[in-house]
Amino acid sequence: MTLAEEIRTLKEERDAVLLAHNYQRPEVQDIADFVGDSLYLSRKAMESDRSVIVFAGVRFMAETAKILNPRRTVLLPDLKAGCGLADAITAEQLRAWKAEHPGAFVVAYINTSAEVKAEADVCCTSSNALKVVQQVEPGREILFLPDMFLGDYVRRKTGRAMHLWVGDCPVHAKLRPETLARARAEHPGAPVVAHPECGCASQVLPEVDRVLSTDGMVRFAEETRDREVLVATEVGILHRMRRLNPTTRFSALDAEAVCPYMKEIDLEDVRDALARLQYRIEVDPEVAGKARRALERMVAA
Ligand code: 13P
Ligand code: SF4
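These numbers come from a predicted model, not from an experiment.

Close to ligand 2 lie Tyr23, Cys83, Gly84, Leu85, Asn111, Cys169, His172, Glu197, Cys259, Tyr261 and Met262, which account for all nearby residues. Of the residues in the shell around ligand 2, the class split is seven nonpolar, three polar and one charged.

Attention shifts here to the site of ligand 1. Every residue near ligand 1 is listed here: His21, Tyr23, Asp37, Ser38, Asn111, Ser126, His172, His195, Glu197, Ser213 and Thr214. At 3.2 Å from an oxygen atom of ligand 1 is found a side-chain nitrogen or oxygen belonging to Asn111. Ser126 is positioned with one of its side-chain polar atoms (N or O) 2.7 Å from an oxygen atom of ligand 1. Class assignment of the residues belonging to the shell around ligand 1 gives a composition of one nonpolar, eight polar and two charged.

Our focus in this paragraph is the sheet that holds strand β3 (residues 52-56). Through backbone hydrogen bonds, the strands of a sheet pair up, either in parallel or in antiparallel fashion. The strand order across the open sheet formed by four strands is β2-β1-β3-β4, and the pairing between neighbours is parallel. Strands at the two margins of the open sheet, each flanked by one partner only, are β2 (34-36) and β4 (73-75). With direction set aside, neighbouring strand axes in the sheet form an average angle of 20°. Here three bridges tie strand β1 (residues 16-21) to β2, and the two strands are oriented parallel to one another. Bridged to His21 within β2 is Gly36.

It is worth spelling out the side chain of Lys66 at this point. Counting through the fold element by element, Lys66 comes out in helix α4 (residues 59-68). An unpaired buried charge is present at Lys66: no salt bridge exists, and Glu282, the closest side chain of opposite charge, is 4.0 Å distant. A distance of 2.8 Å separates a polar atom in the side chain of Lys66 from the backbone oxygen of Arg72. Setting aside residues up to four positions removed in sequence, Lys66 forms contacts with Arg72, Val74, Ile281, Glu282 and Val283.

Now for the sheet that holds strand β12 (residues 249-252). Pairing within the open sheet is parallel, and its four strands lie in the order β10-β9-β11-β12. Strands with a single pairing partner mark the edges of an open sheet, and in this sheet they are β10 (210-211) and β12.

Taken across its ten residues, helix α11 (residues 214-223) has seven buried, putting it largely inside the fold. Restricting attention to buried positions, one finds in α11 the residues Thr214, Asp215, Gly216, Met217, Val218, Phe220 and Ala221.

The next point concerns the pairing of strand β11 (residues 228-232). Most of β11 is tucked away: five of the five residues are buried. The alternating pattern of β11 places Glu228, Leu230 and Ala232 and Val229 and Val231 on opposite faces, both of which are buried. As paired elements, β11 and β12 share four bridges and run parallel to each other. Within β12, the residue paired with Leu230 across the bridge is Ser251. Since β11 and β12 lie parallel, the crossover through helix α12 (residues 238-244) that links them has a hand, and here it is right-handed.

Reading guide: rules and limits
Residues numbered from 1 in each chain as written. Chains lettered and ligands numbered in written order. Predicted model: local features only at pLDDT ≥ 70, side-chain atom pairs only at ≥ 80, totals over all residues. Heavy atoms only, no water. Near = heavy atom within 4 Å. Nonpolar A, V, L, I, M, F, W, Y, C, P; charged D, E, K, R; others polar. Polar contact = N/O pair within 3.5 Å; in protein donor to acceptor, adjacent residues only side chain to side chain. Pairing = 2+ DSSP bridges. Helix = DSSP H or I, 4+ residues; strand = E, 2+ residues; numbered from the N terminus. Axes fitted to C-alpha atoms, helices over the stretch in contact; angles between N-to-C directions. Buried < 20%, exposed > 50% of the residue type's maximum accessible area, 1.4 Å probe, protein only. Lys, Arg positive; Asp, Glu negative; His and termini not counted. Salt bridge = Lys/Arg side-chain N within 4 Å of Asp/Glu carboxyl O. Contact = heavy atoms within 4.5 Å. Right-handed = clockwise from strand over helix to strand, strands pointing away.

Shown next, in the form of structure tokens:
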């Protein structure tokens, strides 16, 4: 039996669904039941009626799944799959920041720990951050965390005054104006699609053709008739884009934009997760209750 066959059999035996983020290894994406961005996968996890949810992604995504659907067993196949951006703020730091701004409305990007989400009024992802911030009552002071580049983009697009936490994604922060200039020179005329976590957003994002979440990029790939497109995000996304549109050439803005956390999980890990029911993600019920409010508002936005 091949590994893929073993996984399919175990999935049935365990009554499991396999969710994979767009940055996962191609072979993991190919065997998943659903592949998508953070918002899409949160919804899929919330709606799942399977006994087990195997999350091929990173820890904050598996935690989100557990919070939104607490009766299911949620498995993260490798506990090293963290997120450099989520590590940029702790709940203690957020409590101290809130104390400096009493009454402020707290918008937390989904790339945060459950404890940080529990301190937030609402969560958002890259695909609904603009909408979430636009829905905050006018005039209310806003704290946005932890990605300063996404925050800066949202601030400029919505015109809302926001305080930004100084955090960034170690992968996207390296995609800077110089990276864009170099890629444009090497690929003249190719439009650029960029993730809003990209570094130096105030200089990079106004220069690109579209600012999109990873699923936004996948939809763009299905529709574009361009000969070549430059993609400014983690390179794992190219797998789906190329498969969906084999006639357009999709090139990475920077081929070294690889998220080590997103590459931790391989097929053996998925197989072992299903065979041994490892590694179970649990969230303290009190923390989960508070974080659920912020996540449900995000899903409803
Ligand atoms: P998306 O929500 O766009 O999939 O982004 C998740 C992420 O981790 C980006 O680095
Ligand atoms: Fe976190 Fe950045 Fe990796 Fe996304 S690409 S999971 S934000 S470290």
